[in-house]
Amino acid sequence: MAVLTVTNLSKTFNLGTARESRILDDISFEVSGQTFVSIVGPSGCGKSTLLNIISGVEEHTSGDITLTSDAGGPARMGYVFQDPRLLPWRSVMKNMMYVQDDQSRDTVARAERYLDMVGLKKNADFYPGQLSGGMQQRVGIARAFAVEPDLLLMDEPFSHLDAITARGLREQLQDIWAQSKKTVVFVTHDVVEAVELSDRIIVLQPGGLIYEDITIDLPRPRRQSDKAVATLQADVLARLETLKAMAAATEPVAEPVA
Amino acid sequence: MTTVSDQPTSAVARRRSTTEIEQDTPQWRKVLTSDPAARVTSLLAFVLFWVLVSALYDRVPGPVAVWTSLVDEFSRGEVFGNFASTLYRFGVGVALATVVGVAVGVLMGLSQLSRAFLESPVLVALSIPAIIWSFLTVMWFGFGDTSPIVTTFLTSVPFVVVNVAQGVRGVSRDLRDMSATYDVPMGRRVRDLVLPAVTGYIAAGVRFAIIIGWNGVLLAEWFGGGGGVGYRARFWYDANRYAGFAAWVVLFVGFIVLLDRLVLDRMIQRSFRWRDSR
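Note that the structure is a prediction, hence the values are computed from the model and not measured. (Residues numbered from 1 in each chain as written. Chains lettered and ligands numbered in written order. Predicted model: local features only at pLDDT ≥ 70, side-chain atom pairs only at ≥ 80, totals over all residues. Heavy atoms only, no water.)

**What to know about the nonpolar core**
Move 1: Formed by 104 residues in total, the largest nonpolar core has its most connected members in Phe29, Leu50, Leu115 and Leu173 of chain A together with Tyr182 of chain B.
Move 2: At 9 residues, the largest contribution of residues to this core is made by helix H11 (residues 199-224) of chain B.
Move 3: Residues in contact with leucine 50 of chain A, not counting those within four places in the same chain, are Leu9, Leu24, Ile27, Phe29, Ile39 and Leu204 of chain A.
Move 4: By size, the runner-up hydrophobic cluster in this structure holds 14 residues, among which are Val195, Val203, Ile216 and Val236 of chain A. (Core = buried A, V, L, I, M, F, W, Y, C linked by side-chain atoms within 4.5 Å. Buried < 20%, exposed > 50% of the residue type's maximum accessible area, 1.4 Å probe, protein only. Helix = DSSP H or I, 4+ residues; strand = E, 2+ residues; numbered from the N terminus. Contact = heavy atoms within 4.5 Å.)

Put into structure tokens, the structure is as follows:
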């Protein structure tokens, strides 16, 4: 069953005096339950805007977004941002509980379990300022999983981290995902990351159109050293290079609308 | 021009460590350049200035005359009753101004519509001086506690509102978006996100409320009678005894300074523990 259905979604930004910039142009796709979908594409193709629209932070100009919950009721969403976005004046545990619907003992235990999975249970009473950037991002990931979301959105969560920390967190994310099997929409500009993590990659092109929808059928857990992973990474990277060359040859995104 | 020097041409700059600097600084210099020394020096400079001015102008009572008047008031049994009355009125007025000011400020900071609705009335209230409010409240409520309490509240509440609203508008957009994405209930957002984020603004607002509010309470007591510090200050002013008048002002100013240092300062430090823990 599709957890997320995006139908004919468009987004334009008004630049004033009859000028508009079209970020997403009539795109449609579905995301089935328990799948890990990555959205890749060159800068400015509308990846983060798409995620913000799905999360409700931004409004869309036209089209339809449907979220379905397995449990009936309203769909629950988790979001891992580029930066951790933790309340600096609350402890790690209180940050985990801040986003929870109910504050019961079961929920506390669940939050502790996810903190344990990211290796930060012993830091539950620390303030975010006492943790490194990588540790803070791990709290952000644990927080998002702990709400038991029907759909988990991740917006380039490792882009602000150094390569070694990012690799460690990617491996940790694969382990958590293998245990929780949450439906994930993951935005990244890093093809290597996308191939390593995803069941499917949606490639957006400038102007907000879907350029390609690639299914990845490789066994998990995947490591960059796996030959099949490396071959597929090279293949997707080559396709993205073609797309970038194509984008460079086309007109700028912002254009006057009559 | 040629400069002859026995120093090497390429000087090596060496930065000293904090431990070295600490060891090399003489004790007397450490004491004299400390914060407490600066505070004591500032107070002594003020008293010296006061003594000089009072020596030059006989209409300015000196510290000794003021102190003698204060001791006389104590011995007459006037201090505790009047001070307690003023403290009660001032405390209730400032507490109300803080509660209402924070609530209205948060509302104005969070809601565009509330801001549009309340901005002009707050601006008008901000521009009305304490003396006008004291006249009006004495006319409305007569003598007694109500008039100084309402004057204190009305003079101080706009300062709390403006400070808090400004702070709420500056709350991190990223954290607000995060809260919206996770559908965090509004009550929890205000308690866990907005209020801690604007603690500094609330503290600044309460400081303003205290400073402005004490003007209000003294003026209302001055014109409204009914006892209190303002009433006693006026009594000595009317009697042409400036030392008595100044004694009451000094007493209340001293109290405000102690309140700020011992209570408000510590509360602020406590609420910023998370920042100091880095």
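Read on for the rest.
**Details of the sheet that holds strand S3 (residues 36-40) of chain A**
Residues and elements named next belong to chain A.
Move 1: On the basis of which strands lie adjacent, the open sheet formed by 6 strands has the order S5-S6-S7-S3-S8-S9 and mixed pairing. Of all strands in the sheet, those bounded by a partner on one side alone are strand S5 (77-80) and strand S9 (209-215). Averaged over all pairs of adjacent strands, the angle between strand axes in this sheet comes to 15°, irrespective of strand direction.
Move 2: Both strand S8 (residues 200-205) and S9 contribute to a ladder of 6 bridges, which runs antiparallel. (Pairing = 2+ DSSP bridges. Axes fitted to C-alpha atoms, helices over the stretch in contact; angles between N-to-C directions.)

**A closer look at the domain arrangement of chain B**
Move 1: The domains assigned to chain B are domain 1 (26-58) and domain 2 (65-276).
Move 2: Here the C-alpha centroids of domain 1 of chain B and domain 2 of chain B sit 29 Å apart. (Domains from an automatic or database assignment.)

**Observations regarding the layout of surface pockets**
Residue and element names in this part refer to chain B.
Move 1: Considering only enclosed or pocket space, the largest pocket measures out at about 750 Å³ in volume.
Move 2: Along the wall of the largest pocket there are 19 residues; nearest its centre are Leu43, Phe46, Val253, Gly254 and Val257.
Move 3: For the lining of the largest pocket, the elements supplying multiple residues, two or more each, are helix H3 (35-56), helix H4 (63-75) and helix H13 (242-271).
Move 4: Here the element with the most residues in the lining of the largest pocket is H13; it accounts for 8 residues.
Move 5: A domain-level breakdown of the lining of the largest pocket finds at least three residues from each of domain 1 (26-58) and domain 2 (65-276). (1 Å grid on protein atoms, 1.4 Å probe; cavity = no way out; pocket = protein on both sides within 12 Å on 5 of 7 lines; lining within 4 Å. Points joined across faces, edges and corners; volume = space filled by probe spheres on them.)

**Concerning the environment of serine 156 of chain B**
Residues and elements named next belong to chain B.
Move 1: With respect to the helices and strands, the residue serine 156 is situated in helix H8 (residues 146-169).
Move 2: By relative accessible area, serine 156 is classed as buried at 0%.
Move 3: Residues serine 156 and isoleucine 212 lie 56 residues apart in sequence; the distance between their C-alpha atoms is 5.7 Å.

**Some thoughts on empty space enclosed by the protein**
Residues and elements named next belong to chain B.
Move 1: What the rule picks out here adds up to 1 cavity of 30 Å³ or more.
Move 2: Computed from the structure, the largest cavity encloses a volume of approximately 50 Å³.
Move 3: No other element matches the 3 residues that H4 contributes to the lining of the largest cavity.
Move 4: Residue classes in the lining of the largest cavity are distributed as 1 nonpolar, 2 polar and 4 charged. (Nonpolar A, V, L, I, M, F, W, Y, C, P; charged D, E, K, R; others polar.)

**Topic: the interface of chain B and chain A**
Where interface size is given, it is often the accessible area lost as the parts come together that is meant.
Move 1: In this complex, chain B contributes 19 residues to the contact, which on the side of chain A involves 26 residues.
Move 2: A combined buried area of about 2,100 Å² lies between chain B and chain A, and 60% of that area is made up of carbon and sulfur atoms.
Move 3: For chain B, the biggest contributors to the area lost against chain A are Thr181, Tyr182 and Trp274 of chain B; these three give 35% of the whole.
Move 4: Between arginine 85 of chain A and aspartate 174 of chain B there is a salt bridge; the shortest N-O distance is 3.4 Å.
Move 5: Taken together, the links from chain B to chain A amount to 9 residue pairs in polar contact (both at pLDDT 80 or more).
Move 6: If you list the elements that add at least two residues to the side of chain B that touches chain A, you get helix H9 (173-181) and helix H10 (186-197) of chain B.
Move 7: With 7 residues, the top contributor of residues to the side of chain B that touches chain A is H10 of chain B.
Move 8: Class assignment for the residues of the side of chain B that touches chain A results in 8 nonpolar, 3 polar and 8 charged. (Buried area = accessible area lost by both parts, 1.4 Å probe. Salt bridge = Lys/Arg side-chain N within 4 Å of Asp/Glu carboxyl O. Polar contact = N/O pair within 3.5 Å; in protein donor to acceptor, adjacent residues only side chain to side chain.)

**Some words on the side chain of arginine 232 of chain B**
All names here are of chain B.
Move 1: Positionally, arginine 232 belongs in helix H12 (residues 229-238).
Move 2: Arginine 232 sits in the buried class, given a relative accessible area of 7%.
Move 3: Discounting residues that sit within four places of it in the chain, arginine 232 has contacts with Glu73, Arg76, Glu78, Asn82 and Trp248.

**A short note on the pattern of salt bridges**
Residue and element names in this part refer to chain B.
Move 1: Scanning the entire structure with this criterion turns up 25 salt bridges over all chains.
Move 2: When the shortest N-O distance is used, the salt bridge between glutamate 78 and arginine 232 registers 3.6 Å. Pair noted here: glutamate 78 is in the loop between H4 and helix H5 (79-110) and arginine 232 is in helix H12, with a separation of 154 residues, a long-range link.
Move 3: One continuous salt-bridge network, built from bridges that share partners, spans Glu73, Arg76, Glu78 and Arg232.

**Comments concerning the domain arrangement of chain A**
All names here are of chain A.
Move 1: Each assigned domain of chain A is listed here: domain 1 (1-76 + 149-158 + 182-258) and domain 2 (78-148).
Move 2: The interface of domain 1 with domain 2 comprises 16 residues on the first partner and 14 residues on the second.
Move 3: Between domain 1 and domain 2 the total buried area reaches about 1,300 Å² when both faces are included, carbon and sulfur atoms providing 55% of it.
Move 4: Interface area lost by domain 1 to domain 2 is led by Arg76, Pro149 and Leu152, which between them contribute 40%.
Move 5: Put simply, domain 1 and domain 2 have 1 salt bridge between them.
Move 6: Counting every contact that joins domain 1 to domain 2 gives 9 residue pairs in polar contact (both at pLDDT 80 or more).
Move 7: Taken together, the elements giving at least two residues each to the side of domain 1 that touches domain 2 come down to helix H1 (47-55) and strand S6 (151-155).
Move 8: Sorting elements by how many residues they give to the side of domain 1 that touches domain 2 places S6 first, with 5 residues.
Move 9: Residues belonging to the side of domain 1 that touches domain 2 are distributed by class as follows: 8 nonpolar, 3 polar and 5 charged.

**Quick word on the confidence of the model for chain B**
Move 1: Across chain B, pLDDT averages 88, with 95% of residues at or above 70.
Move 2: For this predicted complex, the interface confidence comes out at an ipTM of 0.85, alongside a pTM of 0.76. (pLDDT = per-residue confidence, 0-100.)

**A few points about helix H4 (residues 133-146) of chain A**
Since there are 3.6 residues in each turn of an α-helix, residues three or four apart along the chain are aligned in direction.
Move 1: Helix length check: H4 of chain A (14 residues) gives 20 Å between terminal C-alpha atoms against 20 Å at 1.5 Å per residue, within 8%.
Move 2: Within H4 of chain A, 12 of the 14 residues are buried, which leaves the element mostly enclosed by the surrounding structure.
Move 3: Among the residues of H4 of chain A, those classed as buried are Gly134, Gln136, Gln137, Arg138, Val139, Gly140, Ile141, Ala142, Arg143, Ala144, Phe145 and Ala146 of chain A.
Move 4: Of the surrounding elements, those touching the buried residues of H4 of chain A are S5, helix H2 (92-98), helix H3 (105-117), S6 and helix H5 (163-180) of chain A together with H9 of chain B.
Move 5: Looking one or two residues past H4 of chain A, glutamate 148 of chain A carries a phi angle of roughly 50°, positive in sign. (Expected span 1.5 Å × (residues − 1).)

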